[in-house]
Amino acid sequence: MGGVSSVSATETIRVSEIFGPTIQGEGVLIGQPTVFVRTGGCDYRCSWCDSLHAVESRFRDSWIAMSLDDIWGQIEALSGGRPLTLSLSGGNPAIQPLGSLIERAHQHGYRAALETQGSIARDWFSDLDVLVLSPKPPSSGMEFNGDALLDCVRSAGGGPETVLKFVIFDEADYQFATQVAQLLPKLPVFLQPGNHTPPPPEESDAAIDMSGILDRMHWLVERVMQDRWFEAKILPQLHVLLWGNLRGV
Ligand code: SF4
């Protein structure tokens, strides 16, 4: 089982923000009520990252090293103590010691889902209910590490429902998604059009080119149908449709 026993009781988790309840806007859990725990820090710097306030070290002062009890207190207050799905995101949440938080969630009847780019594997992945692996395509400017991704899948084992999610901006990204999906043919695949107008990290809201995003979604649907890739699911970012670039919703 995961690394819960290796997490010391005094260890803290670096948190950028905790918010909700709201809906999960993306992928396999789209539409599900959730409380987000966004951790601070990421080993990537994607060109179109929409969460740079949880990535770049210049925002480090706004990240709080929180105890498990403090985090759990906020989750219970936000959810009214009624179990729901926790969404662990970032940054890259795999950097943080989250095994104890997942264990606490399960003790109280909550579910735990985590999304990561798949660059760092953790033994506690096997304790999750849902693991979303979102390898970053060429448009991100990041280099793909297939071995690390496979390590993540191995760490999860048969524990969580593990899925692949790809942000797609162009044909090169689409080709990347098809190739990675072939590496892991048993995993469900979710595709979503990228947001080319992400908010600047200093702002909690910003203008968004919604029609441009929807044009990309139209293209993506046609592209997938052209290939008869009928195993893939294509979804928009629901929170973007509802609230644009507004943060914390
Ligand atoms: S991996 Fe995710 S959080 Fe990290 S820089 Fe890329 S998009 Fe942002």
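What counts, and at which threshold
- Residues numbered from 1 in each chain as written.
- Predicted model: local features only at pLDDT ≥ 70, side-chain atom pairs only at ≥ 80, totals over all residues.
- Near = placed C-beta within 6 Å.
- Nonpolar A, V, L, I, M, F, W, Y, C, P; charged D, E, K, R; others polar.
- UniProt positions renumbered as here; feature names shortened; annotations may be inferred.
- Helix = DSSP H or I, 4+ residues; strand = E, 2+ residues; numbered from the N terminus.
- Contact = placed C-beta atoms within 7 Å.
- Buried ≥ 20, exposed ≤ 12 C-beta atoms within 10 Å, placed from the backbone.
- Core = buried A, V, L, I, M, F, W, Y, C linked by C-beta atoms within 7 Å.
- Pairing = 2+ DSSP bridges.
- Axes fitted to C-alpha atoms, helices over the stretch in contact; angles between N-to-C directions.
- Right-handed = clockwise from strand over helix to strand, strands pointing away.

On to the site of the ligand, then. As a matter of local geometry, the ligand sits amid C42, Y44, R45, C46, C49, S51, V55, G90, G91, N92, Q117 and K136. Per-class residue counts for the shell around the ligand are 5 nonpolar, 5 polar and 2 charged.

The positions that UniProt labels "binding site: Mg(2+)" (unreviewed entry) are, in the present scheme, S51. Inspection of the secondary structure assignment puts S51 in the loop between β2 (33-39) and β3 (64-66). In this structure S51 touches G90 and G91, once residues within four positions along its chain are discounted.

The subject of this paragraph is the UniProt feature "binding site: substrate" (unreviewed entry) in the chain. As annotated by UniProt and renumbered to match this structure, "binding site: substrate" (unreviewed entry) occupies I23, Q24, G25, R38 and S89. Relative to the elements of secondary structure, Q24 occurs in the loop between β1 (13-23) and β2. Exposure remark for Q24: the 24 C-beta atoms within 10 Å place this residue in the buried category. Assignment of secondary structure puts R38 in strand β2. Apart from residues lying up to four places away in sequence, R38 is in contact with S16, E17, A54, S89, G90 and G91.

Our next topic: the nonpolar core. L86, A112, A113, L128, L131 and L191 are the most contacted members of the largest nonpolar core, which has 49 residues in total. Here this core takes 5 residues from strand β7 (residues 161-168), the largest share from any one element. Setting aside its immediate chain neighbours within four residues, L128 contacts I102, A112, A113, L114, A156, G159 and P160.

As a further point, take the environment of A181. Within the element layout of this structure, A181 appears in helix α4 (residues 171-183). What makes A181 partly exposed here is the crowd of 19 C-beta atoms within 10 Å. When the C-alpha positions of A181 and A65 are compared, they lie 36 Å apart, and in sequence the two are 116 residues distant. Contact partners of A181, with chain neighbours within four places excluded, come to L164 and V189.

Next up on the list: the sheet that holds β3. Judged by pairing direction, the sheet is mixed, and its 9 strands sit side by side in the order β3-β1-β2-β4-β5-β6-β7-β8-β9 without closing on themselves. Looking along the sheet, the strands with just one partner apiece sit at the ends: β3 and β9 (232-234). Recorded for the sheet is a direction-independent mean angle of 30° between the axes of neighbouring strands. In the sheet, strand β5 (residues 111-116) pairs with strand β6 (residues 130-133) via 4 bridges, with the strands oriented parallel. Directly across from E115, in β6, lies its bridge partner V132. Lying over the sheet, helix α1 (residues 68-79) contacts β1, β2, β3 and β4 (85-89), oriented at roughly 10° with respect to β1.

Once that is clear, we can look at the pairing of β6. On β6, burial covers both faces: V130 and V132 on one face and L131 and L133 on the other are all buried. When β6 meets β7, the two strands line up parallel, connected through 4 bridges. Note that in β7 the partner of L131 across the bridge is T162. Crossover handedness for the path β6 to helix α3 (residues 146-156) to β7: right-handed.

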